Amino acid sequence: MFVLSLVNPYDKAHELARALVACEEFKAFQKALAVMKTVPDAEAKMSEFMQKQMMIDFQRMQGGETEINPEQVAAMSKEYQELAAVPEIREFMNAERAFTRIFTDVQGIIQKAISIEQ
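Cut-offs applied
Residues numbered from 1 in each chain as written. Predicted model: local features only at pLDDT ≥ 70, side-chain atom pairs only at ≥ 80, totals over all residues. Heavy atoms only, no water. Axes fitted to C-alpha atoms, helices over the stretch in contact; angles between N-to-C directions. Helix = DSSP H or I, 4+ residues; strand = E, 2+ residues; numbered from the N terminus. Left-handed = near helix turned anticlockwise from the far one by under 90°. Contact = heavy atoms within 4.5 Å. Nonpolar A, V, L, I, M, F, W, Y, C, P; charged D, E, K, R; others polar. Phe/Tyr/Trp six-rings, centres within 6.5 Å; stacked < 30°, edge-to-face > 60°. Buried < 20%, exposed > 50% of the residue type's maximum accessible area, 1.4 Å probe, protein only.

## Description of the packing of helix 3 (residues 42–62) against helix 4 (residues 70–84)
- Close contact between helix 3 and helix 4 brings their axes to 11 Å; oriented N to C, the two are set at 150°. Taken as a pair, helix 3 and helix 4 cross one another with a handedness that is left-handed. Across the interface between the two elements, Lys45, Met46, Phe49, Lys52, Gln53, Ile56, Gln59 and Arg60 from helix 3 touch Gln72, Val73, Met76, Glu79, Tyr80 and Leu83 from helix 4.
- Its residues placed into classes, the contact of helix 3 with helix 4 shows seven nonpolar, three polar and four charged.

What follows is the structure in structure tokens.
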């Protein structure tokens, strides 16, 4: 038997999206991104760094067969320190981390709520 829901998940998703866009962490992230873009080559350097970081994260997720090169990790650490030495980039990274934490928490709440194994 099909039960008609009075709650429209699409409406709630739009409401959640509006709440995320209105939160202080997202506003700080947007502002930090705009400021970072004023620094020559900062956006390109961050994009390149993030791509490298995703590759390492992907290798970690693969586990067993793919070992992470310690030299690669050391190089990433050094690159992170160099990027973080630029105040505008450091602010962007901090703001991104704060907003990502909220976004990840929201995803976790949703995943827990719809988990079949309750």
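## Some remarks on the packing of aromatic side chains
- Within this structure, the stated rule accounts for six aromatic pairs.
- Between Phe99 and Phe103 the ring centres are 6.2 Å apart and the planes differ by 45°, which places this aromatic pair in the tilted class. Residue Phe99 and its partner Phe103 are both found in helix 5 (residues 87–114); the two are separated by four residues, about one turn of the helix.
- Judged by its relative accessible area of 38%, Phe103 is partly exposed.
- One aromatic cluster is present, formed by Phe26, Phe29, Phe92, Phe99 and Phe103 through successive ring pairs.

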